[in-house]
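Okay, here's what each chain looks like letter by letter:
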Amino acid sequence: MRGESMARDTKKPTVKQMQALLAEMTTTLEQQNQMLRVVFAECDKLNMVMVRMLEAQGLLHKEECSECGFKINTPLLEDIALPINCPACEHKLRDEEE
Ligand SMILES: [Zn+2]
């Protein structure tokens, strides 16, 4: 430790400054991660609410891929077409509508 950290260039950050900066960056990253977790949890909740509401209104088309068993929920709303291929395995579910 002795002498090693003595920077010739005074503009060069000291080890202490670097550590402080690193700690600050780590804290920021942790805060961002925490924020992302909250956002994802909220999205999940919203998605669940949407699916339940659509289901209750009879506006949810449920199907299961005959190939891989993937469960596909599609809202029966205007301009939302039923998927032609399974999102999981690309298996063809139906003929393309023209
Ligand atoms: Zn599939």
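Preceding this section is the structure that the text describes.
Please read all numbers here as calculations on a predicted model, not as lab measurements.

Here is what the cut-offs are and how they apply
Numbers given to residues run from 1 along each chain, matching the order in which its sequence is written. The predicted origin of the model limits local features to residues at a pLDDT of at least 70 and limits the giving and counting of side-chain atom pairs to 80 or more, whereas totals for whole chains, interfaces and linings rest on all residues. Secondary structure counts use DSSP, requiring at least four H or I residues in a row for a helix and at least two E residues in a row for a strand, with both numbered from the N terminus. Here, expected helix span is obtained from the residue count minus one, scaled by 1.5 Å. A pair of strands counts as paired when DSSP detects no fewer than two bridges linking them. Neighbour counting defines burial: a residue surrounded by 20 or more other C-beta atoms within 10 Å of its own C-beta is buried, one with 12 or fewer is exposed, and intermediate counts give partly exposed, using backbone-placed C-beta atoms.

Trainee: Break down helix 1 (residues 15-56) for me, citing the residues and quoting the values.
Mentor: Here helix 1 spans 61 Å end to end across 42 residues, near enough to the 62 Å set by a 1.5 Å rise per residue. Backbone geometry just downstream of helix 1 places Gly58 in the positive-phi region, at approximately 70 degrees.

Trainee: I'd like a rundown of the pairing of strand 2 (residues 71-75), residues and numbers included.
Mentor: Judged from the 5 bridges that link them, strand 1 (residues 60-64) and strand 2 form a sheet pairing that is antiparallel. For Glu64, the partnering residue across the bridge sits in strand 2 and is Lys71.

Trainee: For unusual backbone geometry, give the residues involved together with the corresponding values.
Mentor: The backbone of Asp79 sits at a positive phi, close to 70 degrees, despite the residue not being glycine. With respect to the helices, strands and loops of the structure, Asp79 is situated in the segment after strand 2. Judged by the 4 C-beta atoms lying within 10 Å of it, Asp79 falls in the exposed class. The phi dihedral of Glu90 falls on the positive side, at around 70 degrees, and the residue is not glycine. With respect to the helices, strands and loops of the structure, Glu90 is situated in the segment after strand 2. For Glu90, a count of 12 C-beta atoms within 10 Å gives the class exposed.

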